[in-house]
Amino acid sequence: MSSHTNLLSTVSFGEIESQNRVFMAPLTRSRSQQPGDVPWDLNAEYYRQRASSGLIITEATQISPQGKGYAFTPGIYTDEQIQGWKNVTDAVHEEGGKIFLQLWHVGRISHTDLQPDGATPVAPSAIRAESQTYTSKESGMVPVSEPRALDASELPGIVEQFRVGALNAKKAGFDGVEIHGANGYLLDQFTRDGSNQRTDSYGGSVANRIRLPLEVTRAVVEVFGAGRVGYRVSPLGLFNDINDSNPAETFGELATELGKLKLAYIHAVEAFAGMVRDDENERVHTVVRESFKNAGGGIYVGNGGLTPEDAEERISEGKTDAVAFGTLYIGNPDLPERIATDGPYNDADQSTFYGGDATGYTDYPAMETV
Ligand code: 8OZ
């Protein structure tokens, strides 16, 4: 018998009631149909297989052509993409699952080859990230382009891109949306002072740096209602060459404001697999969790290199309410069922994480049922 009673218990947040606290983390798999970055039957099958999750959060999905930063990631701005996603949400709902779309604008983590008419990628400030992206099968990984700073007059247009993305997600039948505010993409670039050196009302103080993320969140909440909106942060993450001089203060304030908006959840990348969970990590995420919940927000979702045993312990200690699993979900479509029997778990093959076909995607077996 499993001892994962907390992890497998139901949880309510906002307008959502989930069958368990085993959430599926957003995972870039780069398998949309081409041309047009369209979700198709292969993707529907992959998500259908994982419908016993308490909540599936889709792979990051660009809200506009400008918001794209990698070849083969899906979009949510054309009718074809909306139809493709409808096929995905129908598949998950048929199996009794719940699914949120992750709304994504990459900002400076892009390349002119991926932008409409070879345009320059946009960012809060014209600072190139020491990072790479994937532009095509032929080019492979290449350094990201130098971005241009968005003019203040363009920022309402960014908010509008997120609003339209949320409207399209609603049309596609999603139960809600998660705003991608993590991992060095556009909203994170505004939030952290390493990438935001603006001197207008969108840069400088924490209140200024979180202004655009909060405008975006309010627009998305107008579409879905706060009870169907989550927000993802990675306060200590360094991926995509980003950093902040005071993560506890910056993300504590952001979490407070998101809590005041009564969002369904805040989702924190606490550590990448293999990273040590040290005191600073614990301190910053405690600030984020408590700030969000004390201000009126819903639940806290932890993520990053946790085993089911760690997850159970952290829930029982009140350090998280649910856990999003990434790598474990790649190899184990029936993860909650496996947790219930204490495994066994399939290993995930890293060589098939990004791009390709059904291999390493929809061919991981569910457990034999006896
Ligand atoms: C891995 C490769 C490409 C994109 C993220 C959307 O880190 C991503 C991503 C991850 O949030």
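Below is a short write-up of the structure.

Notes on the pairing of strand β11 (residues 229–233)
- With respect to burial, β11 is a largely interior element, five of its five residues being buried.
- As paired strands, strand β10 (residues 176–180) and β11 are joined by four bridges and run parallel to one another. By the bridge assignment, H180 is partnered in β11 with R232.
- Pairing geometry for β11 and strand β12 (residues 265–269), over four bridges, is parallel. Among the inter-strand pairings, G230 is bridged to a residue of β12, identified as Y265.
- On the question of chirality, the crossover connecting β11 to the parallel β12 by way of helix α7 (residues 247–260) is right-handed.

Observations regarding the pairing of strand β13 (residues 299–303)
- Most of β13 is tucked away: five of the five residues are buried.
- Covered by surrounding structure in β13 are I299, V301 and N303 together with Y300 and G302, the residues of both alternating faces.
- The sheet contact formed by β12 and β13 spans five bridges and is parallel. Each residue of the ladder has a partner; that of I266, found in β13, is Y300.
- Pairing of β13 with strand β14 (residues 322–325) involves three bridges; the strand directions are parallel. Residue V301 lies in a different strand from β14, and its bridge partner there is A322.

Some details on the packing of aromatic side chains
- Within the structure shown, the criterion is met by twelve aromatic pairs.
- Aromatic pair Y46 and Y361: ring centres 4.0 Å apart, planes at 15°, arrangement stacked. Placement of Y46 in helix α1 (residues 41–49) and of Y361 in the segment after α11 (335–340) is noted, with a sequence separation of 315 residues between them. No difference in accessibility class separates Y46 from Y361, as the two residues are buried.
- Of the aromatic side chains, those joined through ring pairs into one cluster are Y46, Y47, W85, F174 and Y361.
- Of note, K170 hangs over the ring of F224, and the distance from its end group to the ring centre comes to 5.9 Å.
- Geometry around Y300 places R289 over its ring, the cationic atom sitting 5.8 Å from the centre.

About the thresholds
- Residues numbered from 1 in each chain as written.
- Predicted model: local features only at pLDDT ≥ 70, side-chain atom pairs only at ≥ 80, totals over all residues.
- Heavy atoms only, no water.
- Buried < 20%, exposed > 50% of the residue type's maximum accessible area, 1.4 Å probe, protein only.
- Helix = DSSP H or I, 4+ residues; strand = E, 2+ residues; numbered from the N terminus.
- Pairing = 2+ DSSP bridges.
- Right-handed = clockwise from strand over helix to strand, strands pointing away.
- Phe/Tyr/Trp six-rings, centres within 6.5 Å; stacked < 30°, edge-to-face > 60°.
- Lys NZ or Arg CZ within 6 Å of the ring centre and 35° of its normal.

Any functional reading would require information that these geometric values do not contain.
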